[in-house]
Amino acid sequence: MTRHTYPVPALFGDYLRAAAGLIPAVAVPAIAPVGIFEATLLGGVALLFAAFGIRTALRQFTCIEVTAAALRVSGALRTKISWDELDRMRLAYYSTRRDGRDGWMQLELRSGWSTLRVDSRIIGFSELVTSSAQAAAMRGLQLDPATSANLQVLGIERRAVMAPSRELAAGGAE
Amino acid sequence: MLGYVVRRILIMLPTLIAISIVIFTIINLPPGDYFSTYIAELQSSGEAADLAKINFLKAQYGFDRPLWEQYIFWVGGLLHGDMGYSFAYNLPVNQVVGDRLLMTFIVSFATILFTYIVAFPIGVYSATHQYSWSDHLLTFLGFLGLATPSFLLALVLLYLANVYFGISIGGLMDPKYVDQPWSFSKVVSVGAHLWIPVVVIGTAGTASMIRRLRANLLDELQKQYVVTARAKGLRPLKLLFKYPLRMALNPFISDIGSLLPHVISGAAIVSVVMSLPTTGPMLLDALRSQDMYLAGSFLMFMAFLTVIGVFVSDLALAVLDPRIRLQAGRTQ
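Basis of the calculations
- Residues numbered from 1 in each chain as written.
- Chains lettered and ligands numbered in written order.
- Predicted model: local features only at pLDDT ≥ 70, side-chain atom pairs only at ≥ 80, totals over all residues.
- Heavy atoms only, no water.
- Helix = DSSP H or I, 4+ residues; strand = E, 2+ residues; numbered from the N terminus.
- Buried < 20%, exposed > 50% of the residue type's maximum accessible area, 1.4 Å probe, protein only.
- Contact = heavy atoms within 4.5 Å.
- Areas by Shrake-Rupley, 256 points an atom, 1.4 Å probe, with all protein chains shown as cover.
- Salt bridge = Lys/Arg side-chain N within 4 Å of Asp/Glu carboxyl O.
- Polar contact = N/O pair within 3.5 Å; in protein donor to acceptor, adjacent residues only side chain to side chain.
- Nonpolar A, V, L, I, M, F, W, Y, C, P; charged D, E, K, R; others polar.
- Phe/Tyr/Trp six-rings, centres within 6.5 Å; stacked < 30°, edge-to-face > 60°.
- Lys NZ or Arg CZ within 6 Å of the ring centre and 35° of its normal.

Draft legend 1. Structural detail: the overall build of chain A. On a plain count of helices and strands, chain A comes out with 6 helices and 7 strands. Along its sequence from the N terminus, chain A presents helices and strands in the succession β-α-α-β-β-β-β-β-β-α-α-α-α. Burial statistics for chain A: of 174 residues in total, 40% are counted as buried. Within chain A, contacts between residues separated by at least 24 positions form 58% of all contacts whose residues are at least 6 apart in sequence. For chain A, the accessible area works out to roughly 9000 Å², and carbon and sulfur atoms hold 61% of it.

Shown next as structure tokens:
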């Protein structure tokens, strides 16, 4: 079994981002009256950054446990994804830079109504992706071209398909 | 995805602040202001200027204050939806722009539709029939369209219509409808005049999009997954629409960034040549006469739309194709 948590220093930047968006979006209409269009725009921005701040706080107290049979999330948002019920796996890469550097990845796993999104700052992200890719391979899930390409760049897909871990194989056979 | 949206918005804010500083600085670079030009014009024609009114306007809009204070005043107004006052039109900027905005929207959306409707099938056909005589013909026409400046095409069409058909194709409607309220006959008149500016403005963009779509689709069609799908016996049309065409559409999505400001600004030079009542010529006049609030606020509005457009296209690309794309062949 492996445990994965977000390191607090990695989330510090997200707290700053949430504050950097939320403070001006609330301060501008508080200082002087604004029109209906501006109020709607700033209100939307404030809601977005507030949601981002809340999500960051939830992530700080989230712990993901990966076993041979399932992936369990403990913390404020509890969920469980059994590997043999995995319906969808998506690995996306995002970067705000034109040259595509300094980006981050997001792994999305879905099983029935349960969805889990994890980003690459979590401790042991590559192990998490490897386990997910192995489970997806064993389930015969079709991956979209972007996920396949991202897995290939990480050098995970081939390993996952050719040598599924003994632990996961045993779990999948249960 | 939420993290991506938040980061992109945080990048937009300093970008907009930087653009506003650049716009304000450039507009204030020429010596004097709108009032000094106006007074000089009146004095040269021997007329007396209403100095009391001019001083009142100068004080009201902060022309007697330092530049940084004027900038704060202007940006503060923009944040509260006040785009300022056009001294040339003697109207608030919102009203001056509003009159022409509808016409600009009509011309620009028709042009965008024309570009997509024409470029899309031709680009796909050219790529799937590479090096056929029809591909060569369409490529030739594409290069011709790319190489011809829009205003030149407008001048040629105006000349030909006048010499051979004895009609004037300038404007967006018959002259008798210009100051009339909207009616069915006015709509018909606009419809009858619309196709000429649409073809003139849209030709270069259409040709460019055909070339890009053809090149992208050819790249995709030569990839291994297409060869594998062909070998497995997938029907050609289904194969084309399933992945290669979707991947080749990325430049169309990227173009959203430039579409929004284009919709508002219109093609300024073509509008001047064809006497179109769009916002392009108005912006040129405002810049020439140093009508600071009209020019500055309108440019800022266009910059805002550009930034929003790039944001939307980045978002669409991130949703549709979130692959690692690192330039210079580096991966991480």
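So that's the structure; there's more coming.
Draft legend 2. Local environment of the environment of Asp 144 of chain A. With respect to the helices and strands, the residue Asp 144 of chain A is situated in the loop between helix 3 (125–139) and helix 4 (145–154). Note on Asp 144 of chain A: relative accessible area 25%, which makes it partly exposed.

Draft legend 3. Seen up close, the interface of chain B and chain A. Between chain B and chain A, the residue contacts involve 33 residues of the former and 37 residues of the latter. The tally of links from chain B across to chain A stands at 1 salt bridge. Note that Arg 7 of chain B is salt-bridged to Asp 14 of chain A, the shortest N-O span being 3.7 Å. For the pair chain B and chain A, the interface holds 2 residue pairs in polar contact (both at pLDDT 80 or more). When contributions to the side of chain B that touches chain A are tallied by element, the ones reaching two or more residues are helix 1 (2–28), helix 4 (67–79) and helix 16 (292–320) of chain B. Broken down by element, the side of chain B that touches chain A gets its largest block of residues, 10 residues, from helix 1 of chain B. Per-class residue counts for the side of chain B that touches chain A are 20 nonpolar, 6 polar and 7 charged.

Draft legend 4. Structural context of the side chain of Thr 130 of chain A. Residues and elements named next belong to chain A. Mapped onto the elements of the fold, Thr 130 is located in helix 3. Judged by relative accessible area, Thr 130 falls into the buried class, the value being 15%. Within polar-contact distance, the side chain of Thr 130 engages the backbone oxygen of Ser 126 at 2.7 Å.

Draft legend 5. View of the packing of aromatic side chains. Inspection of the entire model under this criterion finds 6 aromatic pairs over all chains. Measuring from centroid to centroid gives 5.5 Å for Tyr 94 of chain A and Tyr 4 of chain B, while their planes differ by 35°, and the two rings are tilted. Remark: Tyr 4 of chain B occurs in helix 1 and Tyr 94 of chain A occurs in strand 5 (residues 88–94); the pair is interchain, linking two chains. When its relative accessible area of 3% is taken as the criterion, Tyr 94 of chain A is described as buried. Chaining the aromatic ring pairs together yields one cluster made of Tyr 94 and Trp 104 of chain A together with Tyr 4 of chain B. In this arrangement the basic side chain of Arg 7 of chain B is found over the ring face of Trp 104 of chain A, its NZ or CZ atom lying 4.1 Å from the centre.

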